[in-house]
Amino acid sequence: MTSVTTVRTPRLLLRGWQEADLEPFAALNADPEVMEYFPATLTREESDAFADRIAARLEEQDHGLWALEVKATGEFIGYAGLANPSFRAAFTPCTEVGWRLARDAWGHGYATEAARAALRVGFGTLGLAEVVSFTAVGNARSRAVMARLGMSHDPAEDFDHPSLPTGHPLRRHVLYRLTRQEWSGPSSAIR
């Protein structure tokens with residue numbers, strides 16, 4: 001689907017999207033456990049349309065939400081990378097680091113490894129001053145990844161996601177930040 005720059009880590013390829021990714025991507029987007037902190041699971045059609053949008057943006061910018069492949073097996077396990085949220089909030093416009101992995105890929109450190117690679121692109125190649133990440137308050141797994149990345153959380157910056165209605169159980173979100181100075185500091189564990 002795309003021919004973009006591939007980013008390599010010791011165990012992963014962050015690469016352009018391929019037609020073969022659509023079926024496993026639809027499976028992970030239909031998994032209620034994977035989508036627990038999203039408003040709803042996606043149908044095959046919704047998942048394919050989402051993949052098309054991601055691939056188009058990646059093609060335009062040569063960075064974005066890369067398809068994530070395990071080098072040793074060639075298995076597609078989800079996506080990770082950089083995105084620009086389209087909603088309005090106190091911290092937008094911004095660049096977000098994000099990920100979504102199939103349940104079988106959880107617990108192997110893949111999200112952290114891929115996000116670190118995306119941050120290298122963001123702070124290195126793109127010269128960004130700051131990258132954020134956010135999730136629903138209860139998403140302990142993603143919050144743990146954000147902490148491992150060295151991102152900081154100020155509860156005063158938590159926000160109600162404007163795409164979710166008042167009273168929705170996922171509306172309240174936490175915001176994490178990482179600056180280029182924090183990234184490149186001598187004690188940085190994420191470079």
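Above this text you will find the structure in question.
Model, not experiment: these values are computed from the prediction.

Enquirer: I'd like a description of the packing of helix α1 (residues 22-29) against helix α2 (residues 44-61), backed by residues and values.
Expert: Contact geometry for α1 and α2: axes closest at 9 Å, N-to-C directions at 120 degrees. In terms of orientation, α1 and α2 fall into the oblique class. Between α1 and α2 lies a crossing of right-handed hand. Judged by residue contacts, L22, E23, F25, A26 and N29 of α1 engage R44, S47, D48, F50, A51 and I54 from α2. In terms of residue class, the contact of α1 with α2 is built from six nonpolar, two polar and three charged.

Enquirer: Please set out helix α3 (residues 110-125) residue by residue, giving values where relevant.
Expert: Taking 1.5 Å of rise per residue, the 16 residues of α3 would be expected to cover 22 Å, and the 22 Å separating its terminal C-alpha atoms lies within 8% of that figure. With twelve of 16 residues buried, α3 lies mostly within the body of the structure. Looking at α3, one finds that the buried residues are Y110, A111, T112, E113, A114, A115, A117, A118, L119, V121, G122 and F123. Remark: G127 follows α3 within two positions and exhibits a positive phi of approximately 65 degrees.

Enquirer: Tell me what's going on with the pattern of salt bridges, and back it up with residues and numbers.
Expert: The full count for this structure, using the stated rule, is nine salt bridges. Between D21 and R15 there is a salt bridge whose closest N-O contact spans 2.8 Å. When sorted by exposure, D21 lands in the same class as R15, which is buried. Put simply, R177 and E157 hold a salt bridge, and the shortest N to O gap is 2.9 Å. With R177 in strand β9 (residues 172-179) and E157 in the loop between β7 (152-153) and β8 (159-160), this pair connects stretches of sequence that are 20 residues apart. Here E157 falls in the partly exposed class, since its relative accessible area comes to 29%.

Enquirer: Could you give an account of the pairing of strand β2 (residues 12-15), naming the residues involved and the relevant values?
Expert: Side chains L12 and L14 of β2 all project onto a buried face; the interleaved residues L13 and R15 project onto the opposite face, where all are buried too. With two bridges connecting them, strand β1 (residues 7-8) and β2 associate as antiparallel partners. Each bridged residue has a counterpart across the sheet, and for R8 the counterpart in β2 is L13. Hairpin connection between β1 and β2: a loop of three residues separates the two successive antiparallel strands. Pairing of β2 with strand β3 (residues 65-70), which is carried by four bridges, proceeds in the antiparallel orientation.

Enquirer: Explain the nonpolar core residue by residue, including any values.
Expert: Counting 49 residues, the largest nonpolar core has W17, F25, V97 and W99 as the members making the most contacts within it. Examining the composition of this core, we find that nine residues originate from one element, α3, more than from any other. Within the second largest apolar cluster, seven residues are counted, among which are F87, C94, F134 and F159.

Rules of the game
- Residues numbered from 1 in each chain as written.
- Predicted model: local features only at pLDDT ≥ 70, side-chain atom pairs only at ≥ 80, totals over all residues.
- Heavy atoms only, no water.
- Axes fitted to C-alpha atoms, helices over the stretch in contact; angles between N-to-C directions.
- Helix = DSSP H or I, 4+ residues; strand = E, 2+ residues; numbered from the N terminus.
- Parallel < 35°, antiparallel > 145°, perpendicular 65-115°, else oblique.
- Left-handed = near helix turned anticlockwise from the far one by under 90°.
- Contact = heavy atoms within 4.5 Å.
- Nonpolar A, V, L, I, M, F, W, Y, C, P; charged D, E, K, R; others polar.
- Expected span 1.5 Å × (residues − 1).
- Buried < 20%, exposed > 50% of the residue type's maximum accessible area, 1.4 Å probe, protein only.
- Salt bridge = Lys/Arg side-chain N within 4 Å of Asp/Glu carboxyl O.
- Pairing = 2+ DSSP bridges.
- Core = buried A, V, L, I, M, F, W, Y, C linked by side-chain atoms within 4.5 Å.

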